[in-house]
Amino acid sequence: EPEVTQTPSHQVTQMGQEVILRCVPISNHLYFYWYRQILGQKVEFLVSFYNNEISEKSEIFDDQFSVERPDGSNFTLKIRSTKLEDSAMYFCASGAGQGARYEQYFGPGTRLTVT
Amino acid sequence: AQSVTQLDSHVSVSEGTPVLLRCNYSSSYSPSLFWYVQHPNKGLQLLLKYTSAATLVKGINGFEAEFKKSETSFHLTKPSAHMSDAAEYFCVVSDPTNAGNMLTFGGGTRLMVKP
């Protein structure tokens, strides 16, 4: 069964460093998403991406964040200058279409720790 | 704006007994509602979804949920718990008019199943 994969599973970085979290969505999917979950808090939407453009982003997704689909198979989330409060589990998801008819398939997550 | 409240952060049941995980939602529109499950070190997996068709929705692994508009609830049930049901469960709402297909998560309920 096709799966969304994410690498790395754990990432430790120092404050102020740039990190790139990588995701390989399911191959025929066209819609891509990032969510995050700070320890002890709810899963929060960050951004949705379709046709090489951001469809929607939350207030969390400020200028420090960017997303890219560099090669037609990967979908990346970049944090330019990490802060302590960026420590969280980051989930990538992909879907075949837009709307609730289409399930969002989630990856296992990348745990980011900023020290 | 939309929101989801999961009324119990932890639920413990004995194997073979019924499961009830409670969820209330708030939405300005007729929402789509989902239950996702997360097993350790795995991605979020869709259990079932409600998208304005039948109010009683059946999902995988014997789970079902009933949409009750008058109570703004979408509780998840299973007649008989199995040890493999131990996991974290998330109630999720989506606004069908939302262009980015953003999902809004509840805080999660950790289900423990005792032998």
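For the structure itself, consult the block above.
Residues numbered from 1 in each chain as written. Chains lettered and ligands numbered in written order. Predicted model: local features only at pLDDT ≥ 70, side-chain atom pairs only at ≥ 80, totals over all residues. Heavy atoms only, no water.

Can you break down the environment of Gln45 of chain B residue by residue, with the values?
Residues and elements named next belong to chain B. Among the secondary structure elements, Gln45 is positioned in strand β6 (residues 44-50). For the pair Gln45 and Lys114, spaced 69 residues apart in the sequence, the C-alpha separation amounts to 23 Å. In this view, Gln45 contacts Trp35, Tyr36, Val37 and Ile60; residues no more than four positions away in its chain are not counted. (Helix = DSSP H or I, 4+ residues; strand = E, 2+ residues; numbered from the N terminus. Contact = heavy atoms within 4.5 Å.)

Go over the interface of chain B and chain A, please, and point to the residues and values.
Counting residues at the interface gives 22 residues for chain B, matched by 21 residues for chain A. Roughly 1,800 Å² of surface becomes buried between chain B and chain A when both sides are summed, with 52% attributable to carbon and sulfur atoms. When residues of chain B are sorted by the area they lose upon contact with chain A, Leu44, Asn101 and Phe105 of chain B head the list and together hold 29% of the total. In this structure, the connection of chain B to chain A is made through 0 salt bridges. Here chain B and chain A share 5 residue pairs in polar contact (both at pLDDT 80 or more) between them. Every element with two or more residues in the side of chain B that touches chain A is listed here: β5 (32-38), β6 and β11 (103-105) of chain B. The greatest single-element share of the side of chain B that touches chain A, amounting to 4 residues, is contributed by β5 of chain B. Each residue belonging to the side of chain B that touches chain A can be placed in one class, and the counts come to 10 nonpolar, 10 polar and 2 charged. (Buried area = accessible area lost by both parts, 1.4 Å probe. Salt bridge = Lys/Arg side-chain N within 4 Å of Asp/Glu carboxyl O. Polar contact = N/O pair within 3.5 Å; in protein donor to acceptor, adjacent residues only side chain to side chain. Nonpolar A, V, L, I, M, F, W, Y, C, P; charged D, E, K, R; others polar.)

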